[in-house]
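Structural features, examined
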Amino acid sequence: MELLIGCGLNRTKKLSVQGRSDWVGLVTLDHEPRHKPDVVYDLAHLPLPFDDNSADEIHAYECLEHVGAQGDYKFFFDQFSDFWRILRPGGFLIGTVPLPTRVWAWGD
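Summarised in this report is the structure supplied together with it.

How each quantity is defined
Residues numbered from 1 in each chain as written. Predicted model: local features only at pLDDT ≥ 70, side-chain atom pairs only at ≥ 80, totals over all residues. Heavy atoms only, no water. Phe/Tyr/Trp six-rings, centres within 6.5 Å; stacked < 30°, edge-to-face > 60°. Helix = DSSP H or I, 4+ residues; strand = E, 2+ residues; numbered from the N terminus. Buried < 20%, exposed > 50% of the residue type's maximum accessible area, 1.4 Å probe, protein only. 1 Å grid on protein atoms, 1.4 Å probe; cavity = no way out; pocket = protein on both sides within 12 Å on 5 of 7 lines; lining within 4 Å. Points joined across faces, edges and corners; volume = space filled by probe spheres on them. Nonpolar A, V, L, I, M, F, W, Y, C, P; charged D, E, K, R; others polar. Pairing = 2+ DSSP bridges. Contact = heavy atoms within 4.5 Å. Axes fitted to C-alpha atoms, helices over the stretch in contact; angles between N-to-C directions. Salt bridge = Lys/Arg side-chain N within 4 Å of Asp/Glu carboxyl O.

What follows covers the packing of aromatic side chains. Under the criterion given, the structure shown has three aromatic pairs. Their ring planes at 70 degrees and their centres at 5.3 Å tell us that Phe80 and Phe83 sit as a pair that is edge-to-face. Taken as a pair, Phe80 and Phe83 lie in helix α1 (residues 73-86) at a separation of three residues, close to a single helical turn. We classify Phe80 as partly exposed; its relative accessible area is 31%. Three or more aromatic residues joined by ring pairs form one cluster here, namely Phe76, Phe77, Phe80 and Phe83.

What follows is the structure, given as structure tokens:
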């Protein structure tokens, strides 16, 4: 399984591991049902609804900065520990965040 969290309406694989440019077993997660994800879920609630060692890749494009409160290091470490739990050994967490020069980079 490859998991795309905070997918919105976009299902494009923006970054990939060499040799894995297409989705394999894509599962999408978003908090907004109108986006029609496979799983409707709020990333602020841990643990995420996935089995241990179930994902080869987790993709998060421009969404992790919207979760948790600024300075909440405990949530940050809990969230990344949950990603670790979901990933299979040798799996990849692939994500993007806004550039620091973007107007909302520090607001989110």
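This part takes up the layout of surface pockets. Of the voids in this model, the second largest pocket is the one considered here, and its volume is about 210 Å³. Residue lining of the second largest pocket: 14 residues in total, with His31, Leu43, Cys63, His66 and Val67 positioned closest to the centre. Of the residues contributing to the lining of the second largest pocket, the split by class is six nonpolar, five polar and three charged.

The next thing to look at is the sheet that holds strand β1 (residues 2-5). Spatially, β3-β2-β1-β4-β5 is the arrangement adopted by the five strands of the open sheet, whose pairing is parallel. Each having just a single partner strand, β3 (39-40) and β5 (87-96) make up the two edges of the open sheet. Here β1 pairs with strand β2 (residues 26-30) via four bridges, running parallel. Along β2, the bridge assignment pairs Ile5 with Leu29. Contacting β1, β4 (55-61) and β5, α1 crosses the sheet at an angle of about 135 degrees to β5.

Further remarks concern the pattern of salt bridges. Side chains that carry opposite charge are capable of pairing whenever their charged atoms lie near each other. Overall, the coordinates contain eight salt bridges when judged by the stated rule. Among the ionic pairs, Arg85 bridges to Asp82, the shortest N-O distance being 2.6 Å. Of this pair, Arg85 and Asp82 both sit in helix α1, three residues apart, which is roughly one turn of the helix. Of the residues examined, Asp82 reaches a relative accessible area of 6% and is grouped as buried. In this structure, a network of salt bridges that share partners links the residues Glu2, Lys13, Arg20 and Glu57.

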